[in-house]
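# Topology and contacts: notes
Below are the chains, spelled out letter by letter.
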Amino acid sequence: MKDFLSILDKRTGKSYDVPISDGTIRAMDLRQIKTDPEDFGLMTYDPAFTNTASCRSAITFIDGDRGILRYRGYPIEELAEKCDFLQVAYLLLFGELPAEDQYKEWKDKITLHTMIHENLKKFMEGFRHDAHPMGMFVSTVAALSTFYPEAREVKNRQSRKLQIMRLIGKVPTIAAYAYRHSLGLPYVYPDNSLGYAENFLNMLWKMTEPKYTPNPVLARALDILFILHADHEQNCSTNAMRSVGSSQADPYLSLSAAASALAGPLHGGANEEVLRMLDEIGSVNSIPAFIEKVKSGECKLMGFGHRVYKNYDPRARIIKKAAEDVFEVTGVNPKLEIAKELERIALNDEYFIKRKLYPNVDFYSGIIYQAMGFHPEMFTVLFAIPRTVGWLAQWQELIEDPEQKIARPRQIFTGHEIRHVEREQEASNVVVAAR
Ligand code: CMC
C-alpha cells in the first residue's frame, strides 16, 4: 500500500495504516492507537513545534537547506529588485501582483488610512519619555481595537478588508509617533502625496521645513527592507497572530500579540541585540575572544542561526547589497567592518559550520538602520511595520480556512495526581459554615 504509514504498536501487537499526504500524517490519526478502550489514544509531543505543521498555507515558501524564500511563488530576490512594498503587500494578501489600476486603487486606499485618531495620539503622549518604542507600538495597536468595534466581525469579508487597510496605513504613523516621542519631538502628520516608505521618513524626520523631501536612495532602501521583512511563514510572531486570531479576537488585538512575540531577542528583537553585541565587541581585534565566549556557551552570536535556514538567509544577502547604497549616502557605519569580520571568522569556524549557523536577516539590518539615523530601540518597530502585512495575510488565510479551529494544544501532565488541603493549611479568615 502506497502513501500510508504502517505502525505496529508493540504494547498491543495491533498494527495501523495511517495515510500520508503532503509528507505529513495527521496527528489525530494517532488517537485510534490505544492500549484499551479507556485509553485516551496516542498523542505527539513537540515542544516549540519543531516538526509540526499547524496549517496549510499558500503564502510563503521557504527551503531552509537551499536558502530559498518565495512569496506566492515569486523569489524574494526578484520582488526586492523589481517591485515596491505596497505591490508586495497586495501580492501577499490577495495572491497576485496587482495590475496597474488595482495598484493605484490599493495605494489610494492605504493612503486614506494613514491618519490616526487624535485621542490615540494623546494616548501615546501618556508614555514615559524613555518608553521602549516597541512597548508603545504593541499597546497602541491594541488600543486601536477600541476605536473600531466593528472589527470584531472577523467573519465579515468587507470588514476584514477595511481593518487590513487601516492597519497597513496606520502602523507607520504609530511607529513614527513612538520614535518622535522618544526624542521629545512634536508629532508629524502623514503626507499623503508621498509613497509608503517616503511618508514614513517624513513622519520621522520632518522638522520646520514646510514640505519634507525624502532622500530617494534611503526611501528605496527602506522599501526593500520592508519587502524582505513582509512575511516569513510560521515563525513565532505569526504563530501568535494565528493562535490569538483563532479565538476570533479582532485583528488589532491579534496583531498586538504578534508584535509582542516579535519583540523578543530571539525573534525580531535580535536586530537591536546585534548592535549591542557589536558595541560590546568594540573592535576587530576583540572578535576572537568574543567567538570563544560564544563557543563556551556564555552568550550567543546574535543575528546568526535560524530554526528553518540551515544555509545563508537569502534576505541577509540582499540586505548586505542594499547597505552599500545606503552607505554611499550616509557614510559607512564603522560597525560594518566588525560585522563582516565576525561573519568571516564564524563561517570558517567548526562550531558554526557543524551547527549550520549562518547570518540571518537581523545581522546586517541594524547596521543600515543605525547609519540611517535610528537608535537601536527602534529596530524591531521597523521590522513590525512590514511584518504587519504578513501577519494579516496569515490571519486572513486562517479565518477563511474551514479546517481551522481555536488553537488549543494538549499537554503531558507532570504534576501531582490528587491531594487535599490539610487542616493547618486552611486559611484562618475563611468562615467555615459548620463552625
Ligand atoms: N550563537 C551561538 N550558538 C547558536 C546560535 C547562535 N546565534 N544559534 C544556535 N546556536 C547553537 C545552539 O546553542 C545549539 O547548540 P548545541 O547543539 O550545542 O546545543 C545549536 O546551535 C542549535 O540551536 P537551537 O537553539 O536548537 O536552534 P533553534 O532553532 O531553537 O533556534 C534561533 C533558532 C534563531 C532562536 C537561534 O539560532 C538564536 O537564538 N539565534 C540568535 C538570535 C537571532 O538572531 N534571532 C533572529 C532569528 S531570524 C529573524 C526572526 O525570525 O526573527
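Description of the structure in this document. (Residues numbered from 1 in each chain as written. Predicted model: local features only at pLDDT ≥ 70, side-chain atom pairs only at ≥ 80, totals over all residues. Heavy atoms only, no water.)

### Here's the deal with the overall build of the chain
- Within the chain, the regular secondary structure consists of 17 helices and five strands.
- Considered along the principal axes of its C-alpha atoms, the chain spans approximately 75 × 60 × 60 Å.
- For the chain, with 435 residues in total, the buried portion stands at 48%.
- Of the roughly 22600 Å² that the chain leaves accessible, carbon and sulfur atoms contribute 52%.
- Side-chain charges of the chain comprise 53 positive and 57 negative groups, with the mean position of each set lying 3 Å from the other. (Helix = DSSP H or I, 4+ residues; strand = E, 2+ residues; numbered from the N terminus. Buried < 20%, exposed > 50% of the residue type's maximum accessible area, 1.4 Å probe, protein only. Areas by Shrake-Rupley, 256 points an atom, 1.4 Å probe, with all protein chains shown as cover. Lys, Arg positive; Asp, Glu negative; His and termini not counted. Charge placed at Lys NZ, Arg CZ, Asp CG, Glu CD.)

### Remarks on the pattern of salt bridges
- For the structure on display, the rule yields 23 salt bridges.
- Across the salt bridge formed by Glu-118 and Lys-121, the nearest N and O atoms sit 3.3 Å from each other. Of this pair, Glu-118 and Lys-121 are both found in helix α4 (residues 118-125), three residues apart, which corresponds to roughly one turn of the helix.
- Here Glu-343 makes a salt bridge to Lys-320, at a shortest N to O gap of 3.6 Å. Remark: Lys-320 occurs in helix α13 (residues 314-330) and Glu-343 occurs in helix α14 (residues 335-347); sequence separation between them is 23 residues.
- What makes Glu-343 buried here is its relative accessible area of 7%.
- The structure contains a network of salt bridges with shared partners spanning Glu-272, Glu-273, Arg-276 and Glu-377. (Salt bridge = Lys/Arg side-chain N within 4 Å of Asp/Glu carboxyl O.)

### Things to note about helix α3 (residues 100-112)
- Spanning 13 residues, α3 covers 18 Å between terminal C-alpha atoms, matching the ideal 18 Å at 1.5 Å per step.
- Three or more residues of α3 are buried, namely Tyr-103, Trp-106, Ile-110 and Thr-111. With its buried residues spanning 130° around the axis, α3 presents them on a single face. In this structure, α3 carries Asp-101, Lys-104 and Leu-112 as exposed residues pointing more than 90 degrees from its buried face.
- Looking at the packing, one finds that the buried side of α3 touches α2 (85-94), α6 (157-183) and α7 (196-205). (Expected span 1.5 Å × (residues − 1). Arc of directions from axis to C-beta. Contact = heavy atoms within 4.5 Å.)

### Some thoughts on the side chain of Ser-159
- With respect to the helices and strands, the residue Ser-159 is situated in helix α6.
- Judged by relative accessible area, which is 8%, Ser-159 ranks as buried.
- When sequence neighbours within four positions are dropped, the list of residues in contact with Ser-159 reads Glu-150, Ala-151 and Glu-153.

### As for a nonpolar patch on the surface
- A grouping of Phe-40, Met-43, Tyr-45 and Ile-412 is seen on the molecular surface, where their side chains present a nonpolar patch of about 430 Å² in accessible area.
- Mapped onto the fold, Phe-40 is located in the loop between β2 (14-19) and β3 (60-63).
- You can call Phe-40 partly exposed: its relative accessible area is 39%. (Patch = residues over 30% accessible without salt bridge, like charges linked within 9 Å, V, L, I, M, F, W, Y side chains within 5 Å.)

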